[in-house]
Amino acid sequence: MTPLERAFREERAQVVATLARRLGDLQLAEDAVSDAFAAAAATWPAAGVPDRPGAWLTTTAWRKALDVLRRDRSAPGVAVEATMPPAPEPGLRDEDDLLQLVLTCCHPALAIDARVALTLRHVAGLSVPEIAAGFLVPEETMAKRLVRARTKIRQSRISFELPEPEVLGERLASVQAVLYLVFTEGHLASGDGPAVRIELCDEAIWLTRQVQRLLPDDCETTGLLALMLLQHSRAEARHDGAGRLVPFAEQDRSRWDARAIAEARELLATTGRGRVGQYQIQAAIAALHAAAPTTEEINWPRIADLYGLLDRVAASPVVTVNRAVAVGRADGPRAGIALLLPVLEESRLAAYAPLHAAYADLLERAGDDAGATAAWRRAAELSRNPAEQAALERRAARAPRARPPFRHAKGPHRRK
Amino acid sequence: MQYLMLLSSAPDAWDSPDAPQSEDWGVYTEALIEAGIMVSGAGLQGVETATTVRVRGGERLLTDGPFADTKEHLIGFYVIDVPDLDTALAWAAMVPNVRTGSVEVRPVMPDAEAARVDATAAAVAG
């Protein structure tokens, strides 16, 4: 990594945040910071890297922004400095600025798509073409989405100041939802997606690290970071040599990233003092999966309990599906199916592939091979991820008796 | 910065136990005035009194009823003057009908705000 690349990764967001807060204008701040990086690219190789690259970039960007403001003032001769916002102190790293930038980009008055786009553009520093490719939309659509969002921020005067403590929780919940959405999008693409989509996982983890560093006492942000690390620790094992998706139960656990798992565990150990929330619970579930040395040793009763808790904290049909799978392992497939039946009758989730995959798995273990095959087929038809689709089709085609012997063959709840 | 708060409610919302009592409106308006942010506001007669006007091809067309056939109808408005959107949204969340209806918050164009002030100044000077 060149010093310029490092400065881009480590300093860019902070410099944008400092300028945006003082200027109250995200686009002006972003343009000035781009100019400052262009100036750095032109001068650093010959003149050397400044002692404090962040301070250098802030001062340079600030000057660029003032130039633009001066040019834009219609009346010549007006004392520009008098109406200018106060310059940032050189070298001052006001980390509240960075938190504010994240909170503004994730303001709940903006549409969720716009929040995602703003966060990736202005905090993570991705280009418009990169974000467009990451979310599979035309570049022009993404550019328009960003312009519209910045216009709303400016015209409706969404504040660049920290929110009052009583609404900080609501605002952080929006930040967490945005970051997790970015992560999930990358996770969906893993295997055969374009690199720019897969890298969304790394961007989401990087962004969450920044927020967690600024708010180490916010248990849900810490839980979210742990959850991402745990899910991402399995990235290598999710595909075989041919790029095919390997079901969770069949993954080679030695290929899981032990360092990421250890870090997630340490993070989780610091939570639990505050209010328990959906990300902490999901991370705790993922940690239990990671802790089992083999599939047979997974603590299903504990996981089923945690899903029960999650169903109370953040009820959704998707959570019920996962809970049914866990209960099916802990208390037998019939208990799992009983939880799933009401969800199957709801039309809302009729096209949700994991619902049918979970149903298929439970039916298979309950001995209903015909029902299972039909449900696997339905899941394969509905899946949008080609690698996942292939894996589901293999399950549908696989005669129950021809399954590899290690798959739950001696599970205590198996009924045949 | 001025924000328009457009208040809407469905006719059957008034039967809800969460529906505002008539004294709630006075209390809320009083709070806006005390906070020094009240610009203007009014409640409206029922939607059955609405007439919508359009002119097409030079011809005036009148329709009995509101401009859009929606479940919720406009019941009143406030214009408030506050520093930013978050402050406006906090006030909007306290409007008496917000638990059974909805409040749309829109920034007033700065030019329109300035024009209003100019008109007031002209009126005072005149």
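Residues numbered from 1 in each chain as written. Chains lettered and ligands numbered in written order. Predicted model: local features only at pLDDT ≥ 70, side-chain atom pairs only at ≥ 80, totals over all residues. Heavy atoms only, no water.

J.: Looking at this structure, I do not really get the overall build of chain A. What am I missing?
T.: Secondary structure summary: chain A contains 19 helices and zero strands in total. For chain A, the C-alpha atoms occupy an extent of roughly 90 × 45 × 40 Å along the three principal directions. Put simply, chain A has 416 residues, and 49% of those count as buried. When contacts within chain A are restricted to residue pairs at least 6 apart in sequence, long-range pairs at least 24 apart make up 63% of them. With an accessible surface of roughly 19600 Å², chain A has 54% of that area assigned to carbon and sulfur atoms. The centroid of the 54 positive side-chain charges in chain A is displaced by 5 Å from the centroid of its 53 negative side-chain charges. (Helix = DSSP H or I, 4+ residues; strand = E, 2+ residues; numbered from the N terminus. Buried < 20%, exposed > 50% of the residue type's maximum accessible area, 1.4 Å probe, protein only. Contact = heavy atoms within 4.5 Å. Areas by Shrake-Rupley, 256 points an atom, 1.4 Å probe, with all protein chains shown as cover. Lys, Arg positive; Asp, Glu negative; His and termini not counted. Charge placed at Lys NZ, Arg CZ, Asp CG, Glu CD.)

J.: How should the overall build of chain B be read in this particular structure?
T.: Counting its secondary structure elements, chain B contains three helices and six strands. When its helices and strands are written in sequence order, chain B yields β-α-β-β-β-β-α-β-α. For chain B, the residues scored as buried account for 29% of the 126 residues in total. Sequence separation of 24 or more characterises 76% of the internal contacts of chain B that already satisfy a separation of 6 or more. Of the roughly 7900 Å² that chain B leaves accessible, carbon and sulfur atoms contribute 57%.

J.: Which parts of the structure should I look at to understand the nonpolar core?
T.: Soluble globular proteins tend to pack their nonpolar side chains together in the buried interior. One finds Leu19 and Leu120 of chain A together with Met5 and Ile80 of chain B to be the most contacted residues of the largest nonpolar core, which totals 100 residues. When residues in this core are grouped by element, the largest group, nine residues, is from helix 2 (residues 26-47) of chain A. If we skip the residues at most four places from it in the chain, isoleucine 80 of chain B touches Met1, Gln2, Tyr3, Met5, Leu32, Ile37, Val39, Ala88 and Trp91 of chain B. (Core = buried A, V, L, I, M, F, W, Y, C linked by side-chain atoms within 4.5 Å.)

J.: Would you take a moment to explain the pairing of strand 5 (residues 73-81) of chain B for this structure?
T.: The two faces of a sheet get side chains in turn, since along a regular strand they alternate between them. Residue and element names in this part refer to chain B. Where strand 1 (residues 2-9) and strand 5 come together, eight bridges link them in antiparallel fashion. Bridge pairing in strand 5 links tyrosine 3 to isoleucine 80. Where strand 2 (residues 38-43) and strand 5 come together, five bridges link them in antiparallel fashion. What sits directly across from alanine 42, in strand 5, is phenylalanine 77. (Pairing = 2+ DSSP bridges.)

J.: How should I be thinking about the environment of threonine 59 of chain A in this particular structure?
T.: All names here are of chain A. Assignment of secondary structure puts threonine 59 in helix 3 (residues 53-72). Sequence separation between threonine 59 and valine 33 is 26 residues, and the spatial gap between their C-alpha atoms is 9.9 Å. Polar contacts involving the side chain of threonine 59 include one to the main-chain carbonyl oxygen of alanine 55, which spans 2.9 Å. (Polar contact = N/O pair within 3.5 Å; in protein donor to acceptor, adjacent residues only side chain to side chain.)

J.: Teacher, can you tell me more about the confidence of the model for chain B here?
T.: Do not read the predicted coordinates in detail wherever pLDDT is low. For chain B, the mean per-residue pLDDT works out to 90, and 88% of the residues sit at or above 70. Our summary of model confidence lists the complex with pTM equal to 0.84 and ipTM equal to 0.82. (pLDDT = per-residue confidence, 0-100.)

J.: How should I be thinking about the environment of valine 47 of chain B in this particular structure?
T.: Residue and element names in this part refer to chain B. With respect to the secondary-structure elements, valine 47 resides in the loop between strand 2 and strand 3 (51-56). Expressed as a C-alpha distance, the spacing of valine 47 and tyrosine 28, which sit 19 residues apart in the sequence, is 23 Å. Excluding residues that lie within four positions of it along the chain, valine 47 makes contacts with Pro66 and His73.

J.: Looking at this structure, I do not really get the interface of chain A and chain B. What am I missing?
T.: One widely used convention gives an interface's size as the accessible area the parts lose upon coming together. Contact residues are listed per partner, giving eight residues for chain A and eight residues for chain B. Among the residues of chain A in contact with chain B, Ser156, Arg157 and Ser159 of chain A are the three that bury the most area, contributing 63% of the side total. For the pair chain A and chain B, the number of links is one salt bridge. Along the contact surface separating chain A from chain B lie four residue pairs in polar contact (both at pLDDT 80 or more). Taken together, the residues of the side of chain A that touches chain B break down into two nonpolar, four polar and two charged. (Buried area = accessible area lost by both parts, 1.4 Å probe. Salt bridge = Lys/Arg side-chain N within 4 Å of Asp/Glu carboxyl O. Nonpolar A, V, L, I, M, F, W, Y, C, P; charged D, E, K, R; others polar.)

J.: So what exactly am I meant to see when it comes to the packing of helix 9 (residues 165-189) of chain A against helix 10 (residues 195-214) of chain A here?
T.: How two helices pack is summed up by the angle between their axes together with the distance between the axes. Residue and element names in this part refer to chain A. Remark: helix 9 packs on helix 10, axes separated minimally by 6 Å, with the N-to-C direction vectors making an angle of 155°. The angle between helix 9 and helix 10 falls in the class roughly antiparallel. The two elements helix 9 and helix 10 cross, and the hand of that crossing is left-handed. Residues Val175, Leu179, Val182, Phe183, Glu185, Gly186, His187, Leu188 and Ala189 of helix 9 form the contact with helix 10, whose participating residues are Arg197, Ile198, Leu200, Cys201, Ala204, Ile205, Leu207, Thr208 and Val211. Grouping the amino acids of the contact of helix 9 with helix 10 by side-chain chemistry returns 13 nonpolar, three polar and two charged. (Axes fitted to C-alpha atoms, helices over the stretch in contact; angles between N-to-C directions. Parallel < 35°, antiparallel > 145°, perpendicular 65-115°, else oblique. Left-handed = near helix turned anticlockwise from the far one by under 90°.)

J.: Could you clarify how one ought to interpret the environment of alanine 264 of chain A in this entry?
T.: Residues and elements named next belong to chain A. Residue placement: alanine 264 occurs in helix 12 (residues 258-269). Overall, alanine 264 belongs to the buried group, its relative accessible area being 0%. For the pair alanine 264 and alanine 283, spaced 19 residues apart in sequence, the C-alpha to C-alpha distance is 8.2 Å. Once residues within four sequence positions are removed from consideration, alanine 264 is found in contact with Ala226, Leu229 and Leu230.

J.: Help me understand the state of the cysteines, please; the structure alone is not making it clear to me.
T.: As used in these notes, a disulfide is a covalent bond between sulfur atoms, one from each of two cysteines. All names here are of chain A. Under the counting rule described, the total for this entry stands at zero disulfides over all chains. Free of any disulfide, cysteine 105 has its nearest neighbouring cysteine sulfur in cysteine 106, separated by 6.4 Å. With no disulfide of its own, cysteine 219 lies closest to cysteine 106 among cysteine sulfurs, the gap being 20 Å. Take cysteine 219: its relative accessible area is 6%, and that puts it in the buried class. (Disulfide = S-S within 2.5 Å.)

J.: Got a minute to help me understand the confidence of the model for chain A in this structure?
T.: Taken as a whole, chain A shows an average pLDDT of 87; of its residues, 90% reach a score of 70 or greater. Long-range and interchain partners of residues 401-412 of chain A, a stretch whose pLDDT sits below 50, account for 19 contacts in this model, where long-range means more than four residues apart.

J.: I'm lost on helix 1 (residues 3-23) of chain A in this one. Help?
T.: Since the α-helix packs 3.6 residues into each turn, any two residues three or four apart lie on the same face. Residue and element names in this part refer to chain A. Along helix 1, the helix axis deviates most sharply at glutamate 11, where the bend reaches about 55°. Buried within helix 1 we find Ala7, Glu11, Arg12, Ala13, Gln14, Val15, Val16, Ala17, Thr18, Leu19, Ala20 and Leu23. For helix 1, the elements touching its buried residues are helix 2, helix 3, helix 5 (95-105), helix 6 (112-123) and helix 10. (Bend = angle between axes of the 7 residues up to and from the residue.)

J.: Looking at this model, I keep getting lost on the packing of aromatic side chains. Mind explaining?
T.: Aromatic ring pairs are described here by two measures, namely the spacing of the ring centres and the angle between the planes. Residues and elements named next belong to chain A. Taken as a whole and assessed by the stated rule, the structure comprises seven aromatic pairs over all chains. Arranged with centres 6.3 Å apart and planes meeting at 5°, the rings of tyrosine 180 and phenylalanine 183 form a pair that is stacked. Of this pair, tyrosine 180 and phenylalanine 183 both sit in helix 9, three residues apart, roughly one helical turn. Plain terms: the ring middles of tyrosine 180 and tyrosine 279 are 5.7 Å apart, the flat faces sit at 75° to each other, and that makes the pair edge-to-face. With tyrosine 180 in helix 9 and tyrosine 279 in helix 13 (residues 278-291), this residue pair connects regions lying 99 residues apart in the sequence. One aromatic cluster is present, formed by Tyr180, Phe183 and Tyr279 through successive ring pairs. Of note, arginine 12 hangs over the ring of phenylalanine 8, and the distance from its end group to the ring centre comes to 5.6 Å. The ring of tryptophan 256 is capped by arginine 234, whose NZ or CZ atom sits 5.7 Å from the centre of that ring. (Phe/Tyr/Trp six-rings, centres within 6.5 Å; stacked < 30°, edge-to-face > 60°. Lys NZ or Arg CZ within 6 Å of the ring centre and 35° of its normal.)

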